[in-house]
Amino acid sequence: MGHAAKGADLPLNRILAGDCIEAMNALPAGSVDLIFADPPYNLQLRADLHRPDNSRVDAVDDAWDRFANFSTYDEFTRAWLSAARRLLKPNGAIWVIGSYHNIFRLGAELQNQGYWILNDVVWRKSNPMPNFRGKRLTNAHETLIWASREEGARYTFNYEALKALNDGVQMRSDWVLPICTGHERLKNADGDKAHPTQKPESLLHRVLVATTNPGDVVLDPFFGTGTTGAVAKMLGRDFIGIERETAYREVAEKRLSRVRRYDKSGLEVTRAKRAEPRVPFGTLVERGMLRPGEVLVSQSGKTAKVRADGTLVSADHTGSIHQVGAALEGAPSCNGWTYWTFRKDGEHVPIDVLRQQIRAEMR
């Protein structure tokens, strides 16, 4: 779906006011690439929480987090996850984040509805809030569940990009990131926290780099103060936010107006070799980048001529760039793209440079 058609159907880069289920049901089916959802935790706090010095902890006690019982919460979960699944493209995926109060109920309902769980991720907070009462372990993590729309879906996963982000080592499912504090923590007009559970941009950066591509549509049905939208905008993704609380929408709008998108070259990430589009050697000949009769030279000084059909011929061998290279070296195989060079401006240049030019055009 092209960007123009996409924009005609969807309220891209906007925050929709109102109930998330109604808003999602009003959007076209199969139109969203990724959903990031941070639903109410249903903490069910019975009383104020105080520190040892008797000062009150600013915990989550807002009306939007209150449900009569588990059954009511489960009904709500069932309804919004169903609306979300309708919106996802066949190869779309969802991330949900929660605490021990709700994440197990969310996980069960995801499976009940046919989503396919890919990973659960533990976000270990490097600076968690202490356990002030001393009755339990300090709650130092939240859990994210990443699931595709259905089993067998060809979901997006930028494995090489995550590996690069992790200093060349496979990214694991335990992420150590700080909670939202300091300059990133948004405040309201009274100087208080604008939202009790504002997520850090680092968390969304990792999620979006891992599981989306530039131009993808990311929906956040519990938009809050707009972390998902801010990171999506920076990374060149389109977002749709849904938020029923006016105060949160106002903070998010102000925040988003200050966000600038990274330039195009900054949005590129490391990709797996196998994910690159295939370019036959013959394409270089068809397009005149190499001419029939032109001599290619190997790194070891062996030569072969290019033929009109994209094969090579040497004194004793004929075949593809890979076959002739292997035969000349007496090797079982050969990567012809890195083995052969051509002369350009008096220098020997690997033919892979030409392949990369074509791939850049294809992208």
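Our subject is the structure that appears above.
If you're wondering where the values come from, they're calculated on a predicted model, not measured in any experiment.

A. How the structure looks around the packing of aromatic side chains. Considering all chains together, one arrives at 11 aromatic pairs under this definition. On the numbers, 5.9 Å between centres and 40° between planes, the contact of Trp 95 with Trp 175 is tilted. Of the two residues, Trp 95 sits in strand β3 (residues 88–98) while Trp 175 sits in strand β6 (residues 174–177), which places them 80 residues apart along the sequence. Owing to a relative accessible area of 2%, Trp 95 belongs among the buried residues under this scheme. With relative accessibility at 3%, the residue Trp 175 sits in the buried group. Through pairs of rings, three or more aromatic residues link up here, namely Trp 95, Trp 146, Tyr 155, Phe 157, Tyr 159 and Trp 175. It is Lys 125 that lies over the ring of Trp 123; its NZ or CZ is 5.2 Å from the centre. Here Arg 206 stacks its cationic end above the ring of Trp 175, 5.0 Å away from the centre of that ring.

B. Region of interest: the sheet that holds strand β9 (residues 295–298). A sheet is described by the order of its strands in space; here six strands give the open sequence β12-β11-β10-β9-β13-β14, paired in antiparallel fashion. The sheet terminates laterally at β12 (318–319) and β14 (347–350), the two strands that pair on one side only. By the bridge criterion, three bridges tie β9 to strand β10 (residues 303–306) in an arrangement that is antiparallel. Paired with Leu 296 across the strands is Ala 304, a residue of β10.

C. Seen up close, the environment of Tyr 262. Mapped onto the fold, Tyr 262 is located in the loop between α8 (246–257) and α9 (264–267). A sequence separation of 28 residues divides Tyr 262 from Met 234, and the C-alpha atoms of the two residues are 5.4 Å apart. Among residues more than four places away in sequence, those in contact with Tyr 262 are Met 234, Leu 235 and Leu 267.

D. Representation of the side chain of Glu 243 within the structure. As for its position among the elements, Glu 243 is in strand β8 (residues 238–243). There is no salt bridge for the buried Glu 243, and the closest opposite charge comes from Arg 244, which lies 5.9 Å off by N-O distance. Within the local environment of Glu 243, its side chain forms a polar contact with the backbone nitrogen of Gly 224, the two atoms lying 2.7 Å apart. Once residues lying within four places of it in the same chain are set aside, the contact partners of Glu 243 are Ile 15, Leu 16, Ala 17, Gly 18, Phe 222, Phe 223, Gly 224, Tyr 248 and Arg 249.

E. Focus on helix α3 (residues 70–87). The end-to-end C-alpha distance of α3 is 26 Å, a good match for the 26 Å that 18 residues give at a rise of 1.5 Å each. For α3, every residue scored as buried is listed here: Tyr 73, Asp 74, Phe 76, Thr 77, Trp 80, Leu 81, Ala 83, Ala 84, Arg 85 and Leu 87. Its buried side turned inward, α3 meets α2 (20–25), β2 (32–37), β3, α4 (103–112) and β7 (217–220). Where α3 begins, the side chain of Asn 69 points an oxygen toward the backbone nitrogen of Ser 71, at a separation of 3.2 Å.

Rules behind the numbers
- Residues numbered from 1 in each chain as written.
- Predicted model: local features only at pLDDT ≥ 70, side-chain atom pairs only at ≥ 80, totals over all residues.
- Heavy atoms only, no water.
- Phe/Tyr/Trp six-rings, centres within 6.5 Å; stacked < 30°, edge-to-face > 60°.
- Helix = DSSP H or I, 4+ residues; strand = E, 2+ residues; numbered from the N terminus.
- Buried < 20%, exposed > 50% of the residue type's maximum accessible area, 1.4 Å probe, protein only.
- Lys NZ or Arg CZ within 6 Å of the ring centre and 35° of its normal.
- Pairing = 2+ DSSP bridges.
- Contact = heavy atoms within 4.5 Å.
- Lys, Arg positive; Asp, Glu negative; His and termini not counted.
- Salt bridge = Lys/Arg side-chain N within 4 Å of Asp/Glu carboxyl O.
- Polar contact = N/O pair within 3.5 Å; in protein donor to acceptor, adjacent residues only side chain to side chain.
- Expected span 1.5 Å × (residues − 1).

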